[in-house]
Amino acid sequence: MKTSPKVIAALQSRLVSELTARNQYAAHLAFAKVAGYTKLAAYISERIADEDKHVGALANRLVLGETVPDVTRIDPIKTASDFAEALRLDLASETQARADYNADVGMCIAEGDAGTRVIFETILADEEDHIEDAEQRLAQIEAMGIDNWLSAQL
Ligand SMILES: [Fe+2]
Ligand SMILES: [Fe+2]
């Protein structure tokens, strides 16, 4: 299916970001598991499942646009073994994703590609949920203190 080069470039760019996000979460999942924080690990596992869905949706759309998805590239990953800092890093990635998808929705409208726009909007709604969840957890840490919060993650 004929797809505008701008739309293809955005799909590929978002694919790199989603692969980066899922790998960043995977590193934080490993830290949480090793430390025995079962509830935190379950939350991060859910995030990875969502980001993997995004990877799949973007890759499918690239194939429909007669483009082979490049799944070999990722951006530098920002990890922290301090769990509050890890949440802040993940929140920063999610906030950047929100800005990127919003810009890409605008670009799709300008390019007259409603099909890709819907895909970007669907993913954007998930990223906004992810932002909300991370902000809630950081607010809990602020209120309870990190030690009490981590005790509740066992
Ligand atoms: Fe995502
Ligand atoms: Fe996300």
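The rules behind the values
- Residues numbered from 1 in each chain as written.
- Chains lettered and ligands numbered in written order.
- Predicted model: local features only at pLDDT ≥ 70, side-chain atom pairs only at ≥ 80, totals over all residues.
- Buried ≥ 20, exposed ≤ 12 C-beta atoms within 10 Å, placed from the backbone.
- Helix = DSSP H or I, 4+ residues; strand = E, 2+ residues; numbered from the N terminus.
- Expected span 1.5 Å × (residues − 1).
- Contact = placed C-beta atoms within 7 Å.
- Axes fitted to C-alpha atoms, helices over the stretch in contact; angles between N-to-C directions.
- Parallel < 35°, antiparallel > 145°, perpendicular 65-115°, else oblique.

**So, unusual backbone geometry**
Of note in this structure, Glu66 is not a glycine but carries a positive phi near 60°. Among the residues examined, Glu66 registers 10 C-beta atoms within 10 Å and is labelled exposed.

**What to know about the environment of Ser13**
By the element assignment, Ser13 lies in helix α1 (residues 5-35). Separated by 60 residues in the primary sequence, Ser13 and Arg73 place their C-alpha atoms 9.6 Å from one another.

**Notes on helix α2 (residues 38-64)**
Given 3.6 residues per helical turn, the α-helix brings residues three or four places apart onto the same face. The end-to-end C-alpha distance of α2 is 39 Å, a good match for the 39 Å that 27 residues give at a rise of 1.5 Å each. Here α2 has its buried residues at Leu40, Ile44, Arg47, Glu51, His54, Val55, Leu58, Ala59, Arg61 and Leu62. Looking at the buried positions of α2, the neighbouring elements they touch are α1, α3 (83-111) and α4 (114-144). Looking at the residues trailing α2, positive phi occurs at Glu66, about 60°.

**Focus on the packing of α2 against α4**
Packing of α2 against α4 brings their axes to within 11 Å, and their N-to-C directions diverge by 170°. In terms of their interaxial angle, α2 and α4 are classed as roughly antiparallel. When α2 is examined against α4, the residues Arg47, Asp50, His54, Ala57 and Arg61 are found in contact with a partner set consisting of Thr116, Ile119, Ile123, Asp126 and His130.

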